Amino acid sequence: MIDCTACCLSTKSSLCLLKSYCFNVCSLSLVEGVFLLCGIGKGLTEAVQQFIGFDDAMTQSLAIMNTTVEQQKRMEESALAVSRTSRITAEQSAEAFFFLASAGLDAEQSIEALPQVAKFAQAGMFDMATATDLATDAQSALGLASDDALQNLENLTRTTDVLVKANTLANA
C-alpha cells in the first residue's frame with residue numbers, strides 16, 4: 001500500500017491528489033464498490049433517458065413543422081435554454097413546440113414564443129400544453145395573432161401578462 005498523504009500535503013500536487021483519490025476509491029470494500037457503481041449506473045441511466053425523452057419530443061414537434069436545419073438547431077437551443085432558466089424541463093419545452101405548431105405558429109414564431117409560454121406556465125402553475133393552449137387561444141380570440149414573429153411575440157406577451165394579472169386579481 002502506498003501512502004500519498006504526506007506527498008499531497010507537502011506539494012499540493014493535483015496529480016498526487018488524484019492518485020490518492022483513486023487509491024481511496026480502489027480500497028473500498030466490495031459492498032461499497034457495488035454501491036458506488038450502482039449510483040454511477042443509475043445516474044448514467046437517468047441522463048440517457050432524459051436525452052432520449054428530449055430527442056423524441058423534438059422529433060415529434062419537428063415532424064409537424066416545416067423547418068430548416070438552422071431552425072431545428074435554434075429550437076433545440078431554445079428548449080434547452082428554457083429548461084436552464086425555469087422549472088420546465090427540456091423535454092417539456094420540446095413538447096411545447098408541438099403545441100405551438102398545433103396552434104398555428106411557424107418555427108420562427110414558436111422559437112420566439114417558447115420562453116414567454118414557459119414564463120406563463122410557471123406563473124400560472126400550468127403544464128406547457130395548457131399554457132400554450134390558453135395563451136394562443138386567448139391571443140387569437142382577441143385578434144392579436146400576427147404572421148410577424150416579433151409582433152406575434154409582443155402580442156403573446158401582452159396576452160399572457162393580462163391573463164396572469166386577471167388571475168392574480170381574481171385570487172386576491
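Undergrad: What exactly am I supposed to notice about helix 5 (residues 90-102) here?
TA: Residues spaced three or four apart along an α-helix face the same direction, because each turn holds 3.6 residues. Along its 13 residues, helix 5 runs 19 Å from first to last C-alpha, staying within 8% of the 18 Å computed at 1.5 Å per residue. Considered for burial, the residues of helix 5 that qualify are Ala90, Ser93, Ala94, Ala96, Phe97, Leu100 and Ala101. Along helix 5, the residues classed as buried sweep out an arc of 145° about the axis, all on the same side. Just beyond helix 5, the residue with positive phi is Gly104, at close to 100°.

Undergrad: What's the story with the pattern of salt bridges in this structure? I'm lost.
TA: The full count for this structure, using the stated rule, is 1 salt bridge. Of the charged contacts in the structure, one is a salt bridge between Arg74 and Glu108, with a shortest N-O distance of 2.8 Å. Residue Arg74 is found in helix 4 (residues 69-85), and its partner Glu108 is found in helix 6 (residues 107-124); the two are separated by 34 residues along the sequence. Of the residues examined, Arg74 reaches a relative accessible area of 25% and is grouped as partly exposed. Owing to a relative accessible area of 26%, Glu108 belongs among the partly exposed residues under this scheme.

Rules of the game
- Residues numbered from 1 in each chain as written.
- Predicted model: local features only at pLDDT ≥ 70, side-chain atom pairs only at ≥ 80, totals over all residues.
- Heavy atoms only, no water.
- Helix = DSSP H or I, 4+ residues; strand = E, 2+ residues; numbered from the N terminus.
- Expected span 1.5 Å × (residues − 1).
- Buried < 20%, exposed > 50% of the residue type's maximum accessible area, 1.4 Å probe, protein only.
- Arc of directions from axis to C-beta.
- Salt bridge = Lys/Arg side-chain N within 4 Å of Asp/Glu carboxyl O.

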